[in-house]
2 protein chains.
Amino acid sequence: MAQIVRLDDLDDPRLRDYTDLRDVQLRLRLESERGLFLAEGEKVVRRAVESGHRPRSFLMSPRWLEGLADVLDTTDAPCFVLDDASIERLTGFHVHRGSLAALERPDLPTPREVLDAARRVVIIEDLVDHTNVGAIFRSVAALGFDAVLLSPRCADPLYRRAIKVSMGSVFWLPYARVDDWYGAPQLLRDAGYTTYAMTLADDSVPLDEVPRDVERLALVVGSEGHGLTPHWEQQADHRVTIPMAADIDSLNVASSVAVACWELRPR
Amino acid sequence: MAQIVRLDDLDDPRLRDYTDLRDVQLRLRLESERGLFLAEGEKVVRRAVESGHRPRSFLMSPRWLEGLADVLDTTDAPCFVLDDASIERLTGFHVHRGSLAALERPDLPTPREVLDAARRVVIIEDLVDHTNVGAIFRSVAALGFDAVLLSPRCADPLYRRAIKVSMGSVFWLPYARVDDWYGAPQLLRDAGYTTYAMTLADDSVPLDEVPRDVERLALVVGSEGHGLTPHWEQQADHRVTIPMAADIDSLNVASSVAVACWELRPR
């Protein structure tokens, strides 16, 4: 079981995985360099460990020790204990439900591995908002799609905010990053997928006219501001639009994906 | 046309509608007491005025005067001009695209008036997040629903963040607040609506089994944390659930409403 380590020196080098939580850019660099990610709050910490991610350490105030005892029992990683005020000073913000874990960032499968094991995937291009990425994972998982592929510039699904919004689905839903983004349309074709790009293009089919019997289907969505790049818009097998009432030309990207996953769900 | 007033004294009483923009609670009280709301950014200011809301004043830096000249032409309200740094000092934050307008808060119709003029409505109970309220207005408007009713504790659709996320649909989509929330189920019945409460209750019908020929349909959704109150859950004519894959028990509330509005859209 985890070794309980009570600390009072915030400069203790063992705490360095938990500093500067308020600075998104700094954290993203630090977490990527050190190969870790953070889980925040009792429920998320539990889900992270139970879904097979390896904890490097835990950090919590004393009152969370009991609630997470069964989780701590399953690992040899140290559990650092500080009072709530010290945790807040260390991390730079009010930690939700006083518990954190630093976990090893998992090795992702290759895009082709993800595609071969799936039938319904969502491909997201250059979505920079962690809330949107998390919400899309949640919808994909809830509505029976199988996996997500990310462009190189997409926000990190294992960033704290994305994890939380995803309800922890980033821990178990298969996903991969596509390094060769330009080659992504061909990659999808080679894996036997029919690709549907969500756009407002003139030659789009309305969402409810997409055939129900597509064997392997990939839904491709673009960034918050500009939508899909012309490359993807042109290279996709089909373009698809959610028909809109007057005066509004689109849903937000997370709502669009939810609607499209619902309409195209396996059935 | 609007009178252009160049100011340099941030204590000028004519600027008092624009102070303390960072403090959500203070702003909400202040805007409600003074009967105003704020529009932020060239596009939103334009939409607010063009949708018929009466401006009390404008506040912008010099470079926005030209782009909004046609809007300023339509009104006698004063336009206060400050440099960007002063606007930031006054309001307490970086104003998106350097322009603001303070507008008269409109008199809302009664719930019954809204219901009589509609066929498809969304009823939201105690949603406290302005982003969620804005996203729901956007989905409702985009997917062909007609109106929204709000419980007394719902977040304000005319708060800055909600306006922005709604893409301005709060300016023209009919909505009302229901003061007598306990009586709301009866109000809906009296107006000829069949009510569908979105819940995870055991006796829920799956969303795709809701009949398509409901004459007047109201979709009722509850708060982010706890869902609908028992009163509404029991008083609704039907309970409806979006069928979920394993391991996730719900979508976020804005995505749920988007999916349900799509499935139940007029057709």
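Residues numbered from 1 in each chain as written. Chains lettered and ligands numbered in written order. Predicted model: local features only at pLDDT ≥ 70, side-chain atom pairs only at ≥ 80, totals over all residues. Heavy atoms only, no water.

Under an unreviewed UniProt entry, the name given to chain A is RNA methyltransferase, and the organism recorded is Aeromicrobium fastidiosum.

Enquirer: Could you clarify how one ought to interpret the side chain of A:Thr241 in this entry?
Expert: Residues and elements named next belong to chain A. Position of Thr241 relative to the elements: it lies in strand β12 (residues 238-241). Since its relative accessible area comes to 17%, Thr241 is described here as buried. A distance of 3.0 Å separates the side chain of Thr241 from the side chain of Ser204, its partner in a polar contact. With near-sequence residues (within four places) excluded, Thr241 lies in contact with Thr199, Leu200, Ala201, Ser204, Val205, Pro206 and Leu207. (Helix = DSSP H or I, 4+ residues; strand = E, 2+ residues; numbered from the N terminus. Buried < 20%, exposed > 50% of the residue type's maximum accessible area, 1.4 Å probe, protein only. Polar contact = N/O pair within 3.5 Å; in protein donor to acceptor, adjacent residues only side chain to side chain. Contact = heavy atoms within 4.5 Å.)

Enquirer: What is the right way to look at the domain arrangement of chain A in this model?
Expert: Interface size is commonly expressed as the accessible surface area that is lost when the partners come together. Residue and element names in this part refer to chain A. Examined at the domain level, chain A breaks down into domain 1 (4-104) and domain 2 (111-263). Computed from C-alpha coordinates alone, the two centres of domain 1 and domain 2 are separated by 32 Å. At the junction of the two partners, domain 1 supplies 14 residues and domain 2 supplies nine residues. Both sides together, the interface formed by domain 1 and domain 2 hides about 1100 Å², and carbon and sulfur atoms give 66% of it. (Domains from an automatic or database assignment. Buried area = accessible area lost by both parts, 1.4 Å probe.)

Enquirer: What am I meant to see in the sheet that holds strand β9 (residues 194-198) of chain B here?
Expert: In sheet architecture, strand pairing relies on hydrogen bonds along the backbone and comes in two forms, parallel and antiparallel. All names here are of chain B. Sheet architecture is open: seven strands sit in the order β8-β7-β6-β11-β9-β12-β10, paired in parallel fashion. The open sheet has two free edges, formed respectively by β8 (175-177) and β10 (205-206), since each of these has just one partner strand. As paired elements, strand β6 (residues 120-124) and strand β11 (residues 217-221) share five bridges and run parallel to each other. When the sheet's bridge partners are listed, Val121 is paired in β11 with Ala218. In this fold helix α10 (residues 253-263) packs onto β6, β9 and β11, with an angle of close to 165° to the strand it touches most, β11. (Pairing = 2+ DSSP bridges. Axes fitted to C-alpha atoms, helices over the stretch in contact; angles between N-to-C directions.)

Enquirer: Explanation requested: the environment of B:Leu149 in the structure shown.
Expert: Structurally, the position occupied by B:Leu149 is in strand β7 (residues 147-150). Not counting the four nearest positions on each side in its chain, B:Leu149 is found in contact with B:Pro111, B:Val114, B:Leu115, B:Val122, B:Ile123, B:Ile124, B:Ala176, B:Val178 and B:Leu188.

Enquirer: In this structure, what is going on with the relation of the copies chain A and chain B? I would like to understand it.
Expert: Both copies of the chain are related by a screw-like operation: a rotation about an axis and a shift along it. Placing chain A over chain B gives an RMSD of 0.0 Å and needs a rotation angle of 180°, together with 0.0 Å of translation along the axis. What the superposition gives is, in effect, a two-fold axis relating one chain to the other. The fraction of interface residues of chain A whose copies in chain B are also interface residues reaches 100%, indicating that both copies meet through the same surface. (Least-squares fit on C-alpha atoms with pLDDT ≥ 70 in both.)

Enquirer: Can you help me understand the interface of chain A and chain B in this one?
Expert: Facing 30 residues of chain A, the contacting portion of chain B comprises 30 residues. In total, about 2300 Å² of surface goes out of reach between chain A and chain B, with carbon and sulfur atoms giving 63% of it. A per-residue breakdown of the area chain A buries against chain B is headed by A:Arg138, A:Ile248 and A:Trp262, which together make up 28% of the total. Counting every contact that joins chain A to chain B gives two salt bridges. Where chain A touches chain B, the interface holds 10 residue pairs in polar contact (both at pLDDT 80 or more). Counting only elements with at least two residues in the side of chain A that touches chain B, the list comes to α6 (130-142) and α10 (253-263) of chain A. It is α10(A) that provides the largest number of residues to the side of chain A that touches chain B, a total of six residues. (Salt bridge = Lys/Arg side-chain N within 4 Å of Asp/Glu carboxyl O.)

Enquirer: What am I meant to see in the nonpolar core here?
Expert: Nonpolar side chains tend toward joint burial in soluble globular proteins. Counting 120 residues, the largest nonpolar core has A:Phe58, A:Val122, A:Ile124, B:Phe58, B:Val122 and B:Ile124 as its most contacted members. Not counting chain neighbours up to four residues away, the residues in contact with B:Ile124 comprise B:Val133, B:Ile136, B:Val148, B:Leu149, B:Leu150, B:Ser151, B:Cys154, B:Trp181 and B:Val221. (Core = buried A, V, L, I, M, F, W, Y, C linked by side-chain atoms within 4.5 Å.)

Enquirer: Just checking my understanding: could you explain the sheet that holds strand β1 (residues 4-6) of chain A for this structure?
Expert: Residue and element names in this part refer to chain A. The strand order across the open sheet formed by five strands is β1-β4-β3-β5-β2, and the pairing between neighbours is mixed. A single partner strand is all that each edge strand has here, and the edge strands are β1 and β2 (36-40). Neighbour-to-neighbour, the strand axes of the sheet open up by a mean angle of 20°, direction not taken into account. Pairing of strand β3 (residues 55-60) with strand β5 (residues 99-104), which is carried by five bridges, proceeds in the antiparallel orientation.

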